[in-house]
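# Observations on the model geometry
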Amino acid sequence: MVTELLESWNSSSDCCQWNLVTCHSHAASTSKHITGLDISYLVLNGSVPSDVLAPLFRITTLMLLNIASNSMQGEIPGDGFANLTKLVYLDMGENRFNGYIPPQLFQLRYLEYLDLSGNFIQGVIPAEVGNLTELRKLSLRQNKLSGRIPLSVASQLRELQVLELQDNSLSMEIPAEIGNLVNISTLALSNNNLSGGIPQSIQKMSKLETLALDKNILNGDIPAWLFELKELKNLHLGGNKLRWNNTNVTIAPKCMLSQLSLRSCDVGGPIPIWLSNQTRLDLLDLSENQLEGAFPLWLAKLQVGILFLSDNKLTGSLPPPLFQTRSLQVLELSRNNFSGKLPEDMGENCAVMILMLSENNFSGPVPKSIANIYRLLLLDLSRNNFSGELPIFKPDALLAFVDISSNKLSGKVPATFGLNTIILSLGQNEFSGELPKNLSNLSQLEHLDLHDNNITGDLPTFLTQISSLQVLNLRNNSIRGSISGALSNLSSLRILDLSNNLLSGNIPPSVGNLIAMIETPDIPTNLPGAFFSFSVEYDLIVNWKKSKQGISSHNLDIYSLLDLSNNQFSGNIPSSLGRLKGLKLLNISSNELSGSIPLAFGDLESLETLDLSHNNLSGQIPQTFAKLQELNTLDLSNNKLVGHIPESPQMDTLIDPNIYANNSGLCGVQIQLGCPEEHPPSAKTDESDEKNDTWWFSWATAGIGFPFGFFSAVASMYVVGYFSTVATRTRRGSQCVWQR
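Because the structure is a prediction, the values reported are computed rather than measured. (Residues numbered from 1 in each chain as written. Predicted model: local features only at pLDDT ≥ 70, side-chain atom pairs only at ≥ 80, totals over all residues. Heavy atoms only, no water.)

Tallying secondary structure elements over the protein chain gives 8 helices and 51 strands in all. By the burial criterion, 53% of the 740 residues in the protein chain qualify as buried. Accessible area for the protein chain stands at about 31200 Å²; split by element, carbon and sulfur atoms hold 48% of it. (Helix = DSSP H or I, 4+ residues; strand = E, 2+ residues; numbered from the N terminus. Buried < 20%, exposed > 50% of the residue type's maximum accessible area, 1.4 Å probe, protein only. Areas by Shrake-Rupley, 256 points an atom, 1.4 Å probe, with all protein chains shown as cover.)

Next comes the structure, spelled out in structure tokens:
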């Protein structure tokens, strides 16, 4: 695409005929001036330094410049932009600019459009921004700006129609004078640290269509006059400390809303009846409130596109009309008290893409028709009382995320999901039998969780064919057999939990070749980006620091865990495990392992939890343990270890006697038991020898306390090379003139 756009950029041709270039002809002259340059989206890979723009600053006739989405990095070259005094439109968004906003930008007095969004710009918004009195749109969203919103924005930018300051770290109160922006249609201040109340002056913004104040720390009551702004379409107030006046039941909005977010606004009682007149609602977010009562029939018929009602106290069953519309795209009802069965025909007419019903009291079978929802991408039915067998999904189903854990589902382990499945969480059910071989057909599978079921049979080798696997959890089943050496083929595997099974044999040395446990690379997920726009979460339950804990899906990428505990493994611990430098947890307790602890364990630099207890390990604790600076949970109890417990600033904090309990002869400061001299004194008399023997015996038998290429180069060449040429010469044939 880039090469096609730049094919016309030939130094022997009229530059005004080039793609992406706009020229203006003077009526009284044959000369042409370049007035517009749109070179956005040219750098598809890699990055380019901001000094690549230098040749452009010679084209002083520019009125429009769009360099958005080119991965440009470095500081914004303020001195260069000072030359472009005729600029009306400047888009530098979605790059990697850093540093501060240069003051020269605020001297471009003709600017009507300024977009610096999606960069890494820091510092405060300078009061000088008020000099840009012609601005219609100012977008500084998604940067690292801090401090207050300058008063000059509210008092001087009277022509402003769009103000986007969301996704920064702005603080203090919203200026009380913000209502002076009477021409504004979009005021977006979301996801900052703004405090105080909603300014009364906003009610003067008669043209306001979008007001986004969510995800701040605003407080006070939500003013009823907001709903008297006739042009208001999108109102986002959620995620603050704002309060809904639950006694104001007679509210009669003069606006017709498309989007409304009152998340965590202390809305109580039934779902407000006045919403039934908002017939154009496409998004409604009333999650994290105190709503009670049943799901109203009028809401089911309202045909909302995106509906969030999670984390309330809603009860009863779901009305069938809710699933008889093709307008519903996202339905999030998790963590309520809904009950009853889902409508059997819910999938016949529904076109929902994200369906989240977790942590309720739904019961009965999962409707077979749910497999007919052709757009379904995410299905979360976890933590309910569903029973019976799962429906069969077609191989071409779009379904990528499936969580049906913590129910009462039974039958053979299901593998009849679409080939696009990425997350498959089936734990804590009553599935039985062997793992089905067609699981290996799920070639995009990243997360397979089947813990706490009744799975039997040998640990299948076909699992090693799913090269995309990052998480494999088969904990607490009845799986037998041994671990295949081919396990190392799973180069993306960073969490492996096979604990509480009946596995036997040796731990293969190839386990130490699991790349993602060595390097802990940043492994991207294949989940569609739309998932991360919503509250998609799933927890992986692991034995962490001696108790079962959940690791949130948002944090899984920073963990690397290996748990083989409570099996029947025997033989020596392979020293290759010491290569797994990314491990945070290693648990191989309660097996039949023997021999010594590998010296290489001292190389596990990220290790926080190590459990080797309840084995037949002998010899000394390696002195290399002194290198484990992150280790804070250790259990070596119930082995046959002897000798001096290693000392280090970190090891010296592990003083719980239970850590070392029931070994043959450990000593050290951690258990307040001194060690004998490494070199016993030379014999003097038979009496002294006898005393030494008795003294050593007392030690030996003592009980011890416990993860731009070519096009970039081409784009950079054209930008630097050709504009350097065209900006410094005049072509006689085309009469192109660039003023300096």
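Spatially, β3-β5-β7-β9-β11-β13-β15 is the arrangement adopted by the 7 strands of the open sheet, whose pairing is parallel. The open sheet terminates on both sides in strands that have one partner only, identified here as β3 (48-49) and β15 (193-195). In the sheet, strand β11 (residues 144-147) pairs with strand β13 (residues 169-173) via 2 bridges, with the strands oriented parallel. Bridge assignment links serine 146 to a residue of β13, and that residue is serine 169. (Pairing = 2+ DSSP bridges.)

Below, the discussion takes up the environment of serine 560. Here serine 560 lies in the loop between β42 (547-552) and β43 (561-563). The class for serine 560 is buried, based on a relative accessible area of 0%. Measuring from C-alpha to C-alpha, the distance between serine 560 and glutamine 470 comes to 9.6 Å, with 90 residues separating the pair along the chain.

A few words on the pattern of salt bridges. One side chain can pair with another of opposite charge once the charged atoms of both are near each other. Per the counting criterion, the structure on display carries 12 salt bridges. Here aspartate 311 and arginine 335 are joined by a salt bridge, their closest N and O atoms 2.8 Å apart. Here aspartate 311 is found in the loop between β24 (306-308) and β25 (313-316), whereas its partner arginine 335 is found in the loop between β26 (330-332) and β27 (337-340), with 24 residues between them in sequence. Relative accessible area serves as the criterion here: at 26%, aspartate 311 is assigned to the partly exposed category. Accessibility expressed as a relative area gives 31% for arginine 335, which makes it partly exposed. Notably, a salt bridge pairs arginine 475 with aspartate 497, separated by 2.9 Å at the nearest N-O pair. Of this pair, arginine 475 sits in the loop between β38 (471-473) and β39 (495-497) while aspartate 497 sits in strand β39, placing them 22 residues apart in sequence. (Salt bridge = Lys/Arg side-chain N within 4 Å of Asp/Glu carboxyl O.)

Taken together, the 6 strands give an open sheet; going across it, the order is β40-β44-β46-β48-β50-β51, and neighbouring strands pair in parallel fashion. Each of the sheet's edge strands pairs with one partner strand only, and the pair in question is β40 (504-505) and β51 (665-667).

One ladder, built from 2 bridges, connects β25 with β27; its direction is parallel. Within the sheet, the bridge partner assigned to glycine 316 lies in β27 and is phenylalanine 338. Where β27 meets strand β29 (residues 361-365), 2 bridges bridge the pair, whose relative direction is parallel. Bridge assignment links serine 339 to a residue of β29, and that residue is asparagine 361.

In this section: the confidence of the model for the protein chain. Per-residue confidence for the protein chain gives a mean pLDDT of 86; residues scoring 70 or more make up 84%. The model gives residues 529-536 a pLDDT under 50, and that stretch makes 19 contacts with residues more than four places away or in other chains. Scored below 50 in pLDDT, residues 679-740 shows 125 contacts in the model against residues more than four places distant or in partner chains. (pLDDT = per-residue confidence, 0-100. Contact = heavy atoms within 4.5 Å.)

What follows is about unusual backbone geometry. At glutamine 142, a position not held by glycine, the phi torsion is positive, near 55°. Examined against the element boundaries, glutamine 142 turns out to sit in the loop between β10 (137-139) and β11. Despite not being glycine, asparagine 566 has its phi angle at roughly 55°, a positive value. Mapped onto the fold, asparagine 566 is located in the loop between β43 and β44 (568-572).

Before going further, it helps to examine the environment of serine 565. By the secondary structure assignment, serine 565 is in the loop between β43 and β44. Measuring from C-alpha to C-alpha, the distance between serine 565 and serine 499 comes to 4.7 Å, with 66 residues separating the pair along the chain. Within polar-contact distance, the side chain of serine 565 engages the side chain of aspartate 563 at 2.7 Å. (Polar contact = N/O pair within 3.5 Å; in protein donor to acceptor, adjacent residues only side chain to side chain.)

Within a regular strand, the side chains alternate between the two sheet faces. Here 3 bridges tie β29 to strand β31 (residues 385-388), and the two strands are oriented parallel to one another. Bridge pairing in β31 places proline 365 opposite serine 387. In terms of strand pairing, β31 meets strand β33 (residues 408-412) through 2 bridges, oriented parallel. Directly across from glycine 388, in β33, lies its bridge partner leucine 409.

Scanning the model with the defined rule gives 2 disulfides in all. One disulfide bridge connects cysteine 16 with cysteine 23, the sulfur atoms lying 2.0 Å from each other. With the S-S dihedral at roughly -90°, the linkage between cysteine 16 and cysteine 23 falls on the left-handed side. Owing to a relative accessible area of 13%, cysteine 16 belongs among the buried residues under this scheme. Cysteine 23 sits in the partly exposed class, given a relative accessible area of 24%. (Disulfide = S-S within 2.5 Å.)

Turning our attention to the packing of aromatic side chains. Applying the stated criterion to the full structure yields 8 aromatic pairs. Seen from their ring centres, tyrosine 89 and tyrosine 113 are 4.1 Å apart, and the 10° between their planes marks the pair as stacked. Of this pair, tyrosine 89 sits in strand β6 (residues 89-91) while tyrosine 113 sits in strand β8 (residues 113-115); the two residues are 24 residues apart in sequence, bridging distant segments of the chain. Residue classification places tyrosine 89 among the partly exposed residues on the basis of a relative accessible area of 25%. Classification of tyrosine 113 as buried rests on a relative accessible area of 17%. Ring plane angle 15° and centroid distance 6.3 Å describe the contact between phenylalanine 362 and phenylalanine 386, whose orientation is recorded as stacked. Residue phenylalanine 362 is found in strand β29, and its partner phenylalanine 386 is found in strand β31; the two are separated by 24 residues along the sequence. (Phe/Tyr/Trp six-rings, centres within 6.5 Å; stacked < 30°, edge-to-face > 60°.)

Turning our eyes to something else, we now look at the side chain of aspartate 635. Along the chain, aspartate 635 turns up in strand β49 (residues 633-635). Separated by 2.7 Å, the side chains of aspartate 635 and serine 637 make a polar contact.

Next up on the list: the environment of phenylalanine 295. Checked against the element boundaries, phenylalanine 295 lands in the loop between β23 (290-294) and α4 (297-300). Sequence separation between phenylalanine 295 and proline 270 is 25 residues; the distance between their C-alpha atoms is 8.8 Å. The contacts of phenylalanine 295, once residues within four sequence positions are left out, are Ala300, Leu307, Leu309, Thr315, Ser317, Leu318, Pro319, Leu322, Leu333 and Phe338.

So, on to the side chain of asparagine 501. Tracing the chain through its elements places asparagine 501 in the loop between β39 and β40. We classify asparagine 501 as buried; its relative accessible area is 6%. Those residues in contact with asparagine 501 that sit more than four places away from it in its chain are Leu474, Arg475, Asn476, Asn477, Ser478, Ile479, Asn566 and Asn567.

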